[in-house]
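This is what each chain is made of:
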There are 2 protein chains.
Amino acid sequence: MITIKEIARSLGMSTTTVSNVIHGKTGQVSAETIERVRRFLEEVDYVPNINARNLARNQSRIIGVAMKTQDYKYPNLMKDPFVSEMIGGIEKVIRTEGYFMMLYISNDIAEIMRHVSTWNADGLLLYDMLDDDGDRVSRSYKKPIVCIDTYSEEGNEGFCNVGLDDEEGAFCMTRYLLESGHRRIAFLADNRIGVDLRRFRGYRRALREAGVEYSDRNFCLLRPEPEEKERSLDRICENLREYSAVFCVSDYYACMLMSALRDRDILVPDDISVAGFDDNDYARIYRPALTTVHQDAEEKGAAAARMLIGLIRGEEPSSRQILLPFELKIRDSVKKLNFYNN
Amino acid sequence: MITIKEIARSLGMSTTTVSNVIHGKTGQVSAETIERVRRFLEEVDYVPNINARNLARNQSRIIGVAMKTQDYKYPNLMKDPFVSEMIGGIEKVIRTEGYFMMLYISNDIAEIMRHVSTWNADGLLLYDMLDDDGDRVSRSYKKPIVCIDTYSEEGNEGFCNVGLDDEEGAFCMTRYLLESGHRRIAFLADNRIGVDLRRFRGYRRALREAGVEYSDRNFCLLRPEPEEKERSLDRICENLREYSAVFCVSDYYACMLMSALRDRDILVPDDISVAGFDDNDYARIYRPALTTVHQDAEEKGAAAARMLIGLIRGEEPSSRQILLPFELKIRDSVKKLNFYNN
DNA sequence: TTGTACGCGTTATCAA
DNA sequence: TTGATAACGCGTACAA
């Protein structure tokens, strides 16, 4: 690790000159000197010390990516294909824009904020924070923040978010199920907060508008913890005998359910139809291929990263709230019923 | 962002004392002073500036995780469930041990090394590098390195690796297929280097030991690029008519193949048996559930991270080469043939 | 056209 | 028991 000082000494010149050449402030430097320095830099393979540079410049080119662990659901958050695809999208943008990514996974917001401020991160990406967490962070952190899939109840102004119209997506899918002749449609999720809540609301709204009644039994609660999962699926499969279709809050759960159904000799879509949400590789590879609501996880991450970098550069975003498009993917897991069949 | 200097001024004492209290070098400090400083630190929510600290200490507590992009295969590397699970395992260990993770994804080794040295990373984790890349890195980087799934032909000493006996795993699975009565067994992969090569070798060895002949037709080359995939699967499914079983180099490909087969009304396992490698969620969720070679991606990452942190701390590793265990998972995608059937 | 000198926040050495 | 002070490597205002 050679330093500017050493280079300057070797070349018999000052650190300023070397530094100027490095940064292309070549207006005041003779052509010969420039060449000499350039060649030497090549030769010794000079790499600046980022710590020193950051200290001097009071910046870091680090973008913090913070997400809360959801141990009950995924002991390893990266196992969630949506999360990993999104991170891939974020990483790519951060890298190509010349920034660095630092991942903070924790369920302790305070800890995350401590990390972010020690590293002096230039900006922050928050995924799936609940209302108050997001607010708390925004207050304590004075640099740009972009949220992903964060819903704020109180219509916070000035708060940047990249999301999806989850409610509308779920609404459209439910309407499709209704149009396919289904009336007894269950909804499967592991909670009813955040994103999942919006999807649930879309589902309910579609039922309501179609004049189809909803009872609490329609809601299938999946317990994803390893020790609960099987029992939970048992109960759900039993309960589903009363339904002709299930709308699952995610593809992952949809595929898990389809496997459980098949293990119990219940055929999809002949005995029951299944729909998902996200359209990840599970949906595409599974057979029957899953009818689902498509969204682009990678692009979601990328869009958020681009927006954040814009903010860091001081650009005014064209919009503080981006809603990415969704699209119904009609595949083979939903059966068209004739009306006598239902 | 309050600094030590400001704290010292507010408290009317020197930065040394403040720093000492912060680091618990409290032997030489009066109880009263300690209390005074502690309380003040609490109050102003002091967070150290890592850049300054790293500069002074000439360390970083950063662990670099470097992997090459494989654009042809996964435009988004994180889509590979093996990679994302492994990263999850790495991240968890790094975090709980008080280090930070910095991800470097690039296909340019030189660029990766530049990043690692600007950040002055304390150690390096390399995934799936080929022989010469790994060697090149080791030579130019003087701090601890641990590789994951890297094979070195020349039996490099002193080079740390966490891997799996891929050859033996593939050997056992192939033997299982043979024992199940299969003789015409194809092998599916997208290349024949690195890890995939070892698996291929295990497969070939098992065939050889069983006296089963192998021809180049046995090797099904899957082209995973979007524009090639369908044609490639077409060709493979056609070719597979001559076989009673396929051993796929990964679960992902195995499931992809099973879907392609099903789309062509070829039944698994009745018409053809399929085996995979890795045992990720695809294998477990797909139906028929995939018979595969289990390995623990998360633990692989975690083991490598633990080993690296040990090296950083100056501990001598009990072994420089760790081979994690594998295990055959017999599920439903392989049919037991009677001998007349074959 | 080039060089000196200081600041960035922290740690560490040594003296008081 | 505490406090100056010199590093650490880089950027930059200002002087030469």
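These lines cover the structure that appears in this document, whether it is placed above or below. It should be emphasised that the depicted structure is a prediction, and the values quoted were computed from it without experimental measurement.

A word on the overall build of chain A. Each helix and strand in chain A was counted, giving 13 helices and 12 strands. Whereas a compact globule of 342 residues would reach a radius of gyration of roughly 20 Å, chain A reaches 26 Å, over 25% beyond that. In terms of overall dimensions, chain A has a C-alpha envelope of 90 × 40 × 35 Å along the principal axes. Taking all 342 residues of chain A together, 45% fall into the buried category. In chain A, the proportion of contacts linking residues at least 24 apart, taken out of those at least 6 apart, comes to 70%.

So, on to the pairing of strand β8 (residues 245–248) of chain B. All names here are of chain B. A two-sided burial pattern is seen for β8, the buried positions comprising Ala245 and Phe247 on one face and Val246 and Cys248 on the other. One ladder, built from four bridges, connects strand β6 (residues 185–189) with β8; its direction is parallel. Bridged to Leu188 within β8 is Cys248. Note: β8 against strand β9 (residues 273–278), three bridges, orientation parallel. Residue pairing across strands places Phe247 opposite Ala275, the latter belonging to β9. Taken together, β8, helix α11 (residues 251–263) and β9 constitute a β-α-β crossover, and its handedness is right-handed.

On to the sheet that holds strand β7 (residues 219–221) of chain B, then. All names here are of chain B. In spatial order, the strands read β7-β6-β8-β9-β10-β12; together these six strands make up an open sheet with mixed pairing. Across the chains shown, the open sheet's two edge strands, defined by having one partner strand only, are β7 and β12 (327–329). Neighbouring strand axes in the sheet, compared pairwise and without regard to direction, differ in orientation by 20 degrees on average. Where β9 meets strand β10 (residues 291–294), four bridges bridge the pair, whose relative direction is parallel. Counterpart to Asp278 in the pairing with β10 is His294.

Below, the discussion takes up the relation of the copies chain A and chain B. If you rotate chain A by 180 degrees and push it 0.0 Å along the axis, it lands on chain B with an RMSD of 0.1 Å. Such values leave the two copies arranged in the relation of a two-fold axis. Of every C-alpha in chain A, the one belonging to Asn51(A) sits nearest the axis of rotation, 2.3 Å from it. Both copies share a contact surface, since 100% of the interface residues of chain A are interface residues in chain B too.

All names here are of chain B. Contact geometry of helix α8 (residues 166–179) with helix α9 (residues 194–209) gives a least axis separation of 7 Å together with a crossing angle of 40 degrees. With respect to their mutual orientation, α8 and α9 come out oblique. The two elements α8 and α9 meet at a crossing, and its hand is right-handed. On the side of α8, the interface is formed by Asp166, Glu167, Glu168, Gly169, Ala170, Phe171, Thr174, Arg175 and Leu178, while α9 contributes Val195, Arg198, Arg199, Arg201, Gly202, Tyr203, Arg205, Ala206 and Leu207.

Before going further, it helps to examine the protein's contact with DNA strand D. Around DNA strand D lies a shell of 25 residues, among which Thr3(A), Ala52(A), Ser14(B), Thr16(B) and Gln28(B) are the nearest. Of all the elements, helix α4 (residues 50–57) of chain A adds the most residues to the surface near DNA strand D, at five residues. Classifying every residue of the surface near DNA strand D by side-chain character gives 10 nonpolar, 12 polar and three charged.

Attention now goes to the interface of chain A and chain B. With 40 residues of chain A in contact, the opposing surface of chain B contributes 40 residues. Contributions of two or more residues to the side of chain A that touches chain B are made by α4, α5 (81–96), β2 (100–105), α6 (109–118), α11 (251–263) and α12 (281–285) of chain A. Per-element accounting of the side of chain A that touches chain B gives the leading share, seven residues, to α5(A). Looking at the side of chain A that touches chain B, its residues break down into 20 nonpolar, 11 polar and nine charged.

So, on to the sheet that holds strand β9 (residues 273–278) of chain A. All names here are of chain A. The six strands lie next to each other as β7-β6-β8-β9-β10-β12, forming an open sheet whose pairing is mixed. At either end of the open sheet lies a strand with only one pairing partner, and these are β7 (219–221) and β12 (327–329). Averaged over all neighbouring strand pairs, the angle between strand axes comes to 20 degrees, with direction disregarded. Packed on one face of the sheet, helix α9 (residues 194–209) meets β6 (185–189), β8 (245–248) and β9 and runs near 175 degrees to β6.

Below, the discussion takes up the protein's contact with DNA strand C. Neighbouring residues of DNA strand C: 25 residues in total, closest Met13(A), Thr3(B), Asn49(B), Ala52(B) and Ala56(B). At the level of elements, α2 (15–22) and α4 of chain A together with α1 (4–11), α2 (15–22) and α4 (50–57) of chain B are the ones that each hand at least two residues to the surface near DNA strand C. Among the elements that take part in the surface near DNA strand C, α4(B) stands out by supplying five residues, more than any other. Within the surface near DNA strand C, the residues separate by chemical class into 10 nonpolar, 12 polar and three charged.

Rules and cut-offs
Residues numbered from 1 in each chain as written. Chains lettered and ligands numbered in written order. Predicted model: local features only at pLDDT ≥ 70, side-chain atom pairs only at ≥ 80, totals over all residues. Helix = DSSP H or I, 4+ residues; strand = E, 2+ residues; numbered from the N terminus. Rg over C-alpha atoms; globule rule 2.2 N^0.38 Å. Buried ≥ 20, exposed ≤ 12 C-beta atoms within 10 Å, placed from the backbone. Contact = placed C-beta atoms within 7 Å. Pairing = 2+ DSSP bridges. Right-handed = clockwise from strand over helix to strand, strands pointing away. Axes fitted to C-alpha atoms, helices over the stretch in contact; angles between N-to-C directions. Least-squares fit on C-alpha atoms with pLDDT ≥ 70 in both. Parallel < 35°, antiparallel > 145°, perpendicular 65-115°, else oblique. Left-handed = near helix turned anticlockwise from the far one by under 90°. Near = placed C-beta within 6 Å. Nonpolar A, V, L, I, M, F, W, Y, C, P; charged D, E, K, R; others polar.

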